[in-house]
Amino acid sequence: MSKEFKRYLVTAALPYANGPKHIGHLAGAYIPSDVYVRYLRSIGKDVVFVCGSDEHGTAIPNQALKENTTSRAIIDKYDALIKECFHRLGMSFDMYHRTSEPIHHQTSQEIFLNLFNKGLLTEEISEQYYDDKANVFLADRYIIGTCPKCANPNAYGDQCERCGSTLSPRELINPKSTLTGNVPILKSTKHWYLPLQNYEGWLTEWILKSHKDDWKVNVYGQCKSWIDAGLQPRAMTRDLDWGIKVPLPDSEGKVLYVWFDAPIGYISATRALFKELEENKIEFATPQREFKNPKSDDWKPYWQDADTKLIHFVGKDNIVFHCIIFPIILKATGEYILPENVPANEFMNLEGDKMSTSRGWSIEMHEYLADFPDKPDVLRYALLTNLPETKDSEFTWKDFQAKNNNELVAIFGNFVNRAFVLTQKYFDNKIPARGSLSEIDQKVISDLKELPGKIGASIQAYRFREATAQVMDLARLGNKYLAETEPWKLAKTDLERVGTILNISLQIAANLSIVVEPFLPFTAQKLRNMLNFQQLDWSKSGSADLMEAGNSLGVASLLFEKIEDEVIEKQVKKLLDSKKAMELASQPVTPAKTEITFDDFSKMDIRVGTILTAERVEKSKKLLKLQVDTGIDKRTVMSGIAEHFSPDQVIGKQVTILVNLAPRKIMGVESQGMILMAEDKDGKLRLLQPNESVSPGSTIS
RNA sequence: GGCGCGGUAGCUCAGGUGGUUAGAGCGUUGGAUUCAUAACCCAAAGGUCGGGGGUUCAACUCCCCCCCGCGCUACCA
């Protein structure tokens with residue numbers, strides 16, 4: 001059933017270089033991909049592992065504005081930060097590239113032209129907001145206005161950060177350009193679209209039929225949801241001055257859509273790797289193995305030969321791009337292979353809440369490394385044992401401490417330490433010879449033989465949590481063996497027997513150094529140094545004859561150290577503090593609107609009315625249908641308050657109502673007026689009522 | 001509201017195509033032990049597998065309804 005592949009190309013989601021990345025990103029894509037690749041290398045597979053910074057898109061210039069600098073400065077800053085963190089956490093990319101590099105612009109333009117020349121892109125002209133003072137089309141992010149959903153006057157054109165709704169610029173009330181403060185005008189612009197709907201049949205065949213059983217259910221389910229809903233043409237270009245130029249005449253000011261170019265970054269990174277290797281000019285490449293006689297064109301088989309297994313590791317937010325859009329692009333070119341699997345993880349929550357850099361509720365990679373500079377493997381382990389493989393999972397500092405103290409220290413570190421201390425004590429730090437084997441010895445040796453295969457099978461099935469537990473089981477096996485054979489007791493009577501036991505124990509430790517390498521590479525290195533043991537392939541593991549008797553062990557030190565309660569309490573406090581700081585910073589009181597005249601105000605007819613009836617609206621989560629006695633009449637008003645009030649809570653209540661608002665049909669019912677609400681910072685709505693009851697129809701002025 | 005993914009021991013999580021006493025790690029309790037970073041090793045307690053129906057000789061596992069969480073999506077002040 002499973003095909004034998006000649007080579008592997010593994011990608012880890014390109015981190016977006018608009019800010020630091022947190023441990024949720026690590027758990028989603030980076031840690032699993034690194035374990036997978038390290039294992040593949042260890043079993044001798046031909047694998048290339050690429051990643052890099054994603055540096056285009058509107059959010060980059062936006063972040064530049066926030067930090068009062070240039071887009072270039074932003075990407076240089078965060079690319080360097082992210083790359084450094086990945087390195088310190090042991091991510092073993094063969095290439096960590098950047099989408100701002102010329103070779104990537106070239107690759108992306110080639111692929112765009114490939115599709116264009118085949119007539120696979122459609123041109124469409126639409127009306128977009130244009131700032132005629134700055135002479136630019138405004139990206140969604142550069143338009144600000146009143147949110148039609150929550151009345152936040154500072155909503156962006158793509159999203160309202162107050163209520164979280166996804167918006168399009170045309171929905172904004174009173175739109176303004178953030179560049180000049182001008183009111184933007186609508187101007188027609190041409191864009192190139194990829195008609196995704198043309199590939200529905202093919203996607204159904206490729207994903208829904210042929211990958212029904214080998215893709216993870218969470219991934220498969222999301223793809224099915226998208227395909228079943230019906231796909232739409234999607235613009236592959238944008239009006240923006242930051243990004244990859246559209247390689248067509250008359251396309252001034254147009255760039256490729258960031259989600260068009262970003263996944264192509266994997267291809268560019270592979271090209272760049274072999275180019276640098278051939279030219280022997282290493283700039284971005286960090287080859288993790290020997291590439292024999294590398295040629296520039298060697299990237300091709302990795303992307304174009306059907307014998308290559310292409311795997312994309314991503315978080316769940318990236319599923320649609322890696323399973324639907326990018327494969328369509330690859331397929332449409334007719335030149336590229338498709339991913340064999342996209343083992344996306346779900347999200348990792350933090351201390352009971354969703355991780356979010358902007359809300360200050362996260363553990364950023366660089367912050368972890370600053371506080372725990374010598375503990376990259378502890379983080380790797382804590383994340384590995386709790387990866388969100390099938391559902392969202394949760395990271396807590398208490399759990400982090402427990403994993404370190406009760407597992408890494410108490411089981412893994414302790415076993416190794418016991419074997420070393422006993423060898424020093426009884427055999428002058430030399431590996432003792434092995435005598436005849438008892439039944440218990442044979443049992444432990446046969447158990448040892450089983451484990452590497454089990455671990456490997458789990459890794460190949462993308463079950464990294466299970467694989468991690470199996471590695472720990474090997475250390476458990478060692479501890480149990482020592483407990484059962486009790487060499488410290490035998491030392492008085494039968495030193496030869498003690499030698500046999502310790503020989504086997506040290507062989508287990510040597511095996512640990514091999515099988516733990518994909519998971520905890522720094523620990524593996526440290527353990528090898530202690531054992532005076534060279535790095536061996538996975539194929540050697542499972543054997544009890546890895547180390548020769550008579551050889552000296554190196555200097556023993558503790559592999560892990562306990563983490564005290566104070567350290568953990570400090571981290572939890574830090575987290576709460578940063579959340580509080582972010583809340584204060586990001587929740588300014590809504591600024592005053594522009595000045596109006598009394599005449600402007602008096603146009604509005606605002607009155608006090610009484611809610612007579614209220615009922616939920618079928619098929620709507622937010623709407624209540626109200627009958628309001630306005631004093632003038634009794635009218636129907638649709639109000640989006642159902643998430644804040646039940647019908648019972650509002651019936652009979654006096655409310656403030658704008659009565660001369662033009663009627664509008666909402667969910668098929670004509671709404672005659674608008675109930676006014678006070679919205680708190682947290683988004684909660686409150687009724688506006690006179691402090692004492694007044695008669696319906698009382699005017700407000 | 002629609003669609004997708006979840007709701008399994010105190011905690012974090014496993015449980016192809018339904019089948020003997022539902023699992024792991026941690027935590028708890030008890031025992032054993034002292035080589036080891038009071039660690040290791042053994043054992044036990046602990047779950048009506050979100051709720052309710054149904055199919056079946058048999059359901060955590062299949063079907064229907066409901067409740068809850070998360071994501072996408074629609075309506076909205």
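Notes on the structure follow.

Rules used throughout
Residues numbered from 1 in each chain as written. Chains lettered and ligands numbered in written order. Predicted model: local features only at pLDDT ≥ 70, side-chain atom pairs only at ≥ 80, totals over all residues. Heavy atoms only, no water. Helix = DSSP H or I, 4+ residues; strand = E, 2+ residues; numbered from the N terminus. Buried < 20%, exposed > 50% of the residue type's maximum accessible area, 1.4 Å probe, protein only. Contact = heavy atoms within 4.5 Å. Lys, Arg positive; Asp, Glu negative; His and termini not counted. Charge placed at Lys NZ, Arg CZ, Asp CG, Glu CD. Pairing = 2+ DSSP bridges. 1 Å grid on protein atoms, 1.4 Å probe; cavity = no way out; pocket = protein on both sides within 12 Å on 5 of 7 lines; lining within 4 Å. Points joined across faces, edges and corners; volume = space filled by probe spheres on them. Nonpolar A, V, L, I, M, F, W, Y, C, P; charged D, E, K, R; others polar. Core = buried A, V, L, I, M, F, W, Y, C linked by side-chain atoms within 4.5 Å. Patch = residues over 30% accessible without salt bridge, like charges linked within 9 Å, V, L, I, M, F, W, Y side chains within 5 Å. Areas by Shrake-Rupley, 256 points an atom, 1.4 Å probe, with all protein chains shown as cover. Salt bridge = Lys/Arg side-chain N within 4 Å of Asp/Glu carboxyl O.

The helix and strand inventory of chain A stands at 20 helices and 24 strands. Seen through its C-alpha atoms, chain A measures out along the principal axes to roughly 105 × 65 × 45 Å. Within chain A, the proportion of its 701 residues that are buried is 53%. Taking all contacts inside chain A whose residues are at least 6 apart in sequence as the whole, residues at least 24 apart take part in 73%. Each charge class in chain A was averaged separately, 86 positive and 93 negative side chains, and the resulting centres sit 2 Å apart.

Here we take up helix α11 (residues 376–384). Most of α11 is tucked away, with nine of its nine residues classed as buried. Those residues of α11 that sit buried are P376, D377, V378, L379, R380, Y381, A382, L383 and L384.

Before going further, it helps to spend a moment on the sheet that holds strand β8 (residues 173–177). Here three strands make up an open sheet; going across it, the order is β7-β6-β8 and the pairing antiparallel. The open sheet terminates on both sides in strands that have one partner only, identified here as β7 (155–156) and β8. Judged from the three bridges that link them, strand β6 (residues 143–146) and β8 form a sheet pairing that is antiparallel. If you follow I143 over to β8, its bridge partner there is S177.

With that out of the way, let us pick up the layout of surface pockets. Of the pockets and cavities examined, the second largest pocket occupies roughly 810 Å³. What lines the second largest pocket is a set of 24 residues, and nearest its centre among them are D214, N341, Q460, A461 and Y462. Grouping the constituent residues of the lining of the second largest pocket by class yields eight nonpolar, five polar and eleven charged.

Moving on to the side chain of D34. If you trace the backbone, D34 turns up in helix α1 (residues 23–42). Taking relative accessible area as the criterion, D34 reaches 0% and is therefore assigned buried. For D34, the residues in contact, after removing those within four places along its chain, are F49, G90, M91, S92, R380 and P518.

Spatially, the five strands line up as an open sheet ordered β18-β17-β16-β19-β22, and their pairing is antiparallel. Single-partner strands in this sheet number two, and they are β18 (634–639) and β22 (674–675). Inspection of the sheet shows strand β16 (residues 606–616) paired to strand β19 (residues 654–658) by five bridges, in the antiparallel sense. When the bridges of β19 are listed, I606 appears paired with L658.

Here we come to the nonpolar core. One broad trend across soluble globular proteins is that nonpolar side chains are buried collectively. With 185 residues, the main nonpolar core has I207, I324 and F395 as its most contacted residues. Ranked by the residues each element gives to this core, the list is headed by helix α12 (residues 397–427), at twelve residues. Those residues in contact with I324 that sit more than four places away from it in its chain are L203, I207, C223, W226, I227, L231 and I319.

Let's shift gears to empty space enclosed by the protein. On inspection of all chains with the given rule, the structure shows one cavity of 30 Å³ or more. In terms of lining residues, the largest cavity is bounded by Y381, F412, T468, V471, M472, V516, F519 and L520. The greatest single-element share of the lining of the largest cavity, amounting to three residues, is contributed by helix α14 (residues 464–485).

Moving on, we get to a negative patch on the surface. Together, E564, D565, E566 and E569 line one region of the surface with negative charge. Residue E566 is classed as exposed on the basis of its relative accessible area, which comes to 54%.

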